[in-house]
Amino acid sequence: MRLVFILIGPPGSGKGTQADMLCEKFGFVSYSTGAIFRNEMARGTAIGQRITPLMDKGLFVPDDIVMEAVIGRIQKTRRNVILDGFPRTLVQAKLLERFFQLAPGRFLPVAIEIGLPMREVYRRVSGRMSCDKCGKVYHVKFRPPRLTQRCDKCRRPLKFRSDATRAVVKTRIKVYQKETWPIVKFFRQRPIFKFFSVKGAQSIAAVSASIIKIVKKIT
Ligand code: ADP
Ligand code: ADP
Ligand code: ZN
């Protein structure tokens, strides 16, 4: 059976950081819907143009576009998967459950909630920088690059994200509480998903250790 880890948590909770760690340590493949959509925007594709006004405001991409982006990728790979930033609405969660139900015995979905108090979200998101070339994520204070504002691996200048302004972050927190928060309860209740919760307000290494424990328990 293939493992499908679902990382769920507010903006800045560490989903991307921990997904990278799991890929390096266990050889999983990770799909970040945020990264997929930012790439569509940067390339100016039809989908990119449609979602730009939504993403820039901190609003969600429509469910049909999101499902299309994720399900095909899960089907194509034969590796264990990490979903970073999906599902984010109850509709997406139910469609994902349906997908697993239609392929009995093939997937073992494991949801891991990374909790973070909302007052921490802004500090995390506003200091976040990443490398355009390799995607590696840094933080001005919590995970600084070795050279000021340059990627450790590629030496390229790091960029802040355009959806990190105070107003947009405020919207993203609201949207998270309204749309995504209910999924945590859904995962807890549905027998098909194994469910775990870790505390996100600790060091990156400590969060990693908690998640590694869960992975080892399952595999
Ligand atoms: P963060 O890392 O701060 O949690 P992401 O990079 O995961 O943010 O997502 C950035 C933006 O991409 C979201 O604000 C939203 O507009 C869009 N997005 C990403 N995943 C989804 C999804 N599953 N459903 C709807 N919109 C999404
Ligand atoms: P998400 O994908 O959930 O939005 P990220 O992994 O992108 O979160 O992390 C958000 C920002 O916070 C990044 O700049 C990252 O370097 C930093 N960060 C991640 N985890 C921690 C942590 N446990 N403590 C402090 N900073 C963290
Ligand atoms: Zn890089």
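Residues numbered from 1 in each chain as written. Chains lettered and ligands numbered in written order. Predicted model: local features only at pLDDT ≥ 70, side-chain atom pairs only at ≥ 80, totals over all residues. Heavy atoms only, no water.

- As named in an unreviewed UniProt entry, the protein is Adenylate kinase, taken from Candidatus Falkowbacteria bacterium RIFOXYC2_FULL_48_21.
- The heading Catalytic activity (unreviewed entry) in the UniProt record of the protein holds the text "AMP + ATP = 2 ADP".
- In the Pathway (unreviewed entry) part of its UniProt record, the protein is described as follows: "Purine metabolism; AMP biosynthesis via salvage pathway; AMP from ADP: step 1/1." (UniProt positions renumbered as here; feature names shortened; annotations may be inferred.)

Observations regarding empty space enclosed by the protein
For step 1, the next point in the chain: Within the structure shown, the criterion is met by 1 cavity of 30 Å³ or more.
For step 2, the next point in the chain: Quantified by volume, the largest cavity comes out at close to 50 Å³.
For step 3, the next point in the chain: Lining the largest cavity, in full, are Leu7, Ile8, Gly9, Lys15, Gly85, Phe86, Pro87, Arg88, Tyr176 and Thr180.
For step 4, the next point in the chain: The set of elements that each furnish at least two residues to the lining of the largest cavity consists of strand S1 (2–8) and helix H7 (166–189). (1 Å grid on protein atoms, 1.4 Å probe; cavity = no way out; pocket = protein on both sides within 12 Å on 5 of 7 lines; lining within 4 Å. Points joined across faces, edges and corners; volume = space filled by probe spheres on them. Helix = DSSP H or I, 4+ residues; strand = E, 2+ residues; numbered from the N terminus.)

So, the environment of Gly44
For step 1, the next point in the chain: Note that Gly44 resides in the loop between helix H2 (33–43) and helix H3 (46–57).
For step 2, the next point in the chain: A relative accessible area of 35% places Gly44 in the partly exposed class.
For step 3, the next point in the chain: With 166 residues separating them along the chain, Gly44 and Ser210 place their C-alpha atoms 39 Å apart. (Buried < 20%, exposed > 50% of the residue type's maximum accessible area, 1.4 Å probe, protein only.)

Observations concerning the UniProt feature "binding site: Zn(2+)" (unreviewed entry) in the protein
For step 1, the next point in the chain: Mapped onto the present numbering, the UniProt feature "binding site: Zn(2+)" (unreviewed entry) falls on Cys131, Cys134, Cys151 and Cys154. With the annotated positions falling across 24 residues, the maximum pairwise C-alpha distance of 8.7 Å places them together in a single cluster.
For step 2, the next point in the chain: Relative to the helices and strands, Cys134 resides in the loop between strand S5 (128–130) and strand S6 (137–139).
For step 3, the next point in the chain: Take Cys134: its relative accessible area is 34%, and that puts it in the partly exposed class.
For step 4, the next point in the chain: Look past the residues within four positions of Cys134 in its chain and what remains in contact with it is Cys151 and Cys154.
For step 5, the next point in the chain: Counting through the fold element by element, Cys151 comes out in the loop between S6 and strand S7 (159–160).
For step 6, the next point in the chain: Accessibility expressed as a relative area gives 1% for Cys151, which makes it buried.
For step 7, the next point in the chain: Those residues within four positions of Cys151 in sequence are excluded, and the remaining contacts are Cys131, Cys134, Tyr138, Arg156 and Leu158. (Contact = heavy atoms within 4.5 Å.)

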